[in-house]
Every structure is written in structure tokens, then in C-alpha cells.
Amino acid sequence: MRRVVATVDNLPRSLAPPRTWPIRTTPGRFTIEATADGSVIGGKNAARYAPFVALVESVDTGRAVALYRRLYPLFQRAYEALGYPGKYFNDRLVAVIDLLLATPEPSGPLQVELPEIQGPLKPTRPWVLYRFSDPALEGLSSGQKILLRVGRENEKRLKAKLAEIRKLIAREKVGG
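Residues numbered from 1 in each chain as written. Predicted model: local features only at pLDDT ≥ 70, side-chain atom pairs only at ≥ 80, totals over all residues. Heavy atoms only, no water.

> Is there a simple way to think about the overall build of the protein in this case?
The helix and strand inventory of the protein stands at seven helices and four strands. In the protein, the succession of α and β elements from N to C terminus is α-β-β-α-α-α-β-β-α-α-α. Counting across all 176 residues of the protein, residues that qualify as buried make up 35%. As displayed, the protein offers around 10700 Å² of accessible surface, 57% of which is attributable to carbon and sulfur atoms. (Helix = DSSP H or I, 4+ residues; strand = E, 2+ residues; numbered from the N terminus. Buried < 20%, exposed > 50% of the residue type's maximum accessible area, 1.4 Å probe, protein only. Areas by Shrake-Rupley, 256 points an atom, 1.4 Å probe, with all protein chains shown as cover.)

> Explain the layout of surface pockets to me, please; I cannot follow it from the model alone.
To find the voids left in a structure, one rolls a probe of water-molecule size over its atoms. Put simply, the second largest pocket is a space of about 260 Å³. Mapped onto the lining of the second largest pocket, the elements with two or more residues apiece are β2 (38-41), α2 (45-58), α6 (142-149) and α7 (152-169). Here the lining of the second largest pocket gets four residues from one element, more than from any other, and that element is α7. For the lining of the second largest pocket, a count of residues per class yields eight nonpolar, six polar and five charged. (1 Å grid on protein atoms, 1.4 Å probe; cavity = no way out; pocket = protein on both sides within 12 Å on 5 of 7 lines; lining within 4 Å. Points joined across faces, edges and corners; volume = space filled by probe spheres on them. Nonpolar A, V, L, I, M, F, W, Y, C, P; charged D, E, K, R; others polar.)

> Looking at this model, I keep getting lost on the side chain of Q76. Mind explaining?
Examined against the element boundaries, Q76 turns out to sit in helix α3 (residues 61-81). Side-chain polar atoms of Q76 contact the backbone nitrogen of F89, separated by 2.9 Å. Apart from the residues lying within four places of it in its own chain, the contact partners of Q76 are K87, Y88 and F89. (Polar contact = N/O pair within 3.5 Å; in protein donor to acceptor, adjacent residues only side chain to side chain. Contact = heavy atoms within 4.5 Å.)

> It is not clear to me how the sheet that holds β2 should be interpreted in this structure. Could you clarify?
Hydrogen bonds between backbone groups are what pair the strands of a sheet, and the pairing can be parallel or antiparallel. An order of β1-β2-β3-β4 is seen for the four strands of this open sheet, with the pairing classed as antiparallel. Pairing within the sheet leaves two strands with one partner each, and these edge strands are β1 (32-35) and β4 (131-132). (Pairing = 2+ DSSP bridges.)

> I keep staring at the pairing of β2 and nothing clicks. Help me out?
The two faces of the sheet receive side chains in turn, since in a regular strand these alternate between them. Of the strand pairs in this sheet, β1 and β2 are connected by four bridges, and their pairing is antiparallel. Opposite A34, over in β2, you have S39 as the bridge partner. Judged from the two bridges that link them, β2 and strand β3 (residues 111-113) form a sheet pairing that is antiparallel. Paired with S39 across the strands is V112, a residue of β3.

> What is the right way to read a nonpolar patch on the surface from this model?
A cluster of nonpolar side chains, namely F52, L55 and V59, defines an oily patch on the protein surface of about 250 Å² accessible area. Tracing the chain through its elements places F52 in helix α2. (Patch = residues over 30% accessible without salt bridge, like charges linked within 9 Å, V, L, I, M, F, W, Y side chains within 5 Å. Salt bridge = Lys/Arg side-chain N within 4 Å of Asp/Glu carboxyl O.)

> Please explain the packing of aromatic side chains as it appears in this structure.
Note on aromatic pairs: each is described by the distance of the centres and the angle between the planes. The full count for this structure, using the stated rule, is seven aromatic pairs. Between F30 and Y130 the ring centres are 5.7 Å apart and the planes differ by 45 degrees, which places this aromatic pair in the tilted class. Separated by 100 residues along the polypeptide, F30 in the loop between α1 (2-10) and β1 and Y130 in the loop between β3 and β4 bring together distant segments of the chain. With respect to burial, F30 and Y130 carry one shared label: buried. The interplanar angle of 55 degrees and the centroid separation of 6.4 Å between the aromatic rings of Y68 and F89 together place this pair among those described as tilted. Residue Y68 is located in helix α3, and its partner F89 is located in helix α4 (residues 89-101); the two are separated by 21 residues in the primary sequence. (Phe/Tyr/Trp six-rings, centres within 6.5 Å; stacked < 30°, edge-to-face > 60°.)

What follows is the structure in C-alpha cells.
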């Protein structure tokens, strides 16, 4: 429960550390393609996320929300232990879903760049350092940037599932 709650709480922030995620990171490496205007997220990158998106879509939303409701006291305790006494985890979850649903859907390829590394030590995994070239996209929350990185079609599919979940969990007060 703690990892789920911590991940949900971190998604609106600038950083959502993978070590707190309740799932493993997507296998494979982030890919880019060189264009005349610079580097863009590689077209094959979205395929890395296809199994995860298919899994998410295969989950029966009604049953998942029913399970969430049964386990809500545990989510709530974990949220309060995170430092939010008197606040409701369900409210945070709905706000996070709203933020993710508001993720922009740029029309063209997403340009990325590697930051300049100062100093003698070079990263062993530079592909994890790519950032969006557009400051407006780079300024989005970590959750929104994750949605952009999964690819346009995967983003739409995940947003559809998030909208279903939101409709069910925001319909009535859960736990509070």
C-alpha cells in the first residue's frame, strides 16, 4: 500500500522516484531518433509500453474499484503515515487523475535532449537523463511526462482507463 500511495502522491511532483513504484520499470531502453531539428522520442519506444497498457486495459475497472474500496482503509492509513493526517487519499487520487487527464497531447514528434554533464564522471545510463526540449513540456509533472513518453496512442488508451476509474471513485465519497 505504501508504494502505491507514495507513487500516486509523487506523480504531480517534478520527480516520482522509480524505487517507490509498486511496479517494475519498463524493460528496454528509452530510444531516440535523430532528425534535422534534433532528437525526438523514437517511434519504437512506444512498443516498450504496449504490454503494460494492454494489462491496464484488461483489468475490469468495476472490479478494480470495488477492491480499492475494500482496501481503502489501508490506503488511507498509508497516506496519513506519509504525512497527511486528516486528509483523504481518495481526494488526492482524484486530483492526480485529473492532472494526468489534463496532460497535453502535442501534435508532432516530441523533441528531447541530453543535458550537458559537467565533471569527470559520465553517467553509465545516459538514456535515463533525456529531457524534453520544450520548456513547457519539461515543466510538466513527472506523471504527465511519463504519459508523454509512452507514446501518443498509449497515452490515449491510458487516459481512457483513468477516466473510467475517476468516474467510479469520484461518484461517491470513499472512506471519508
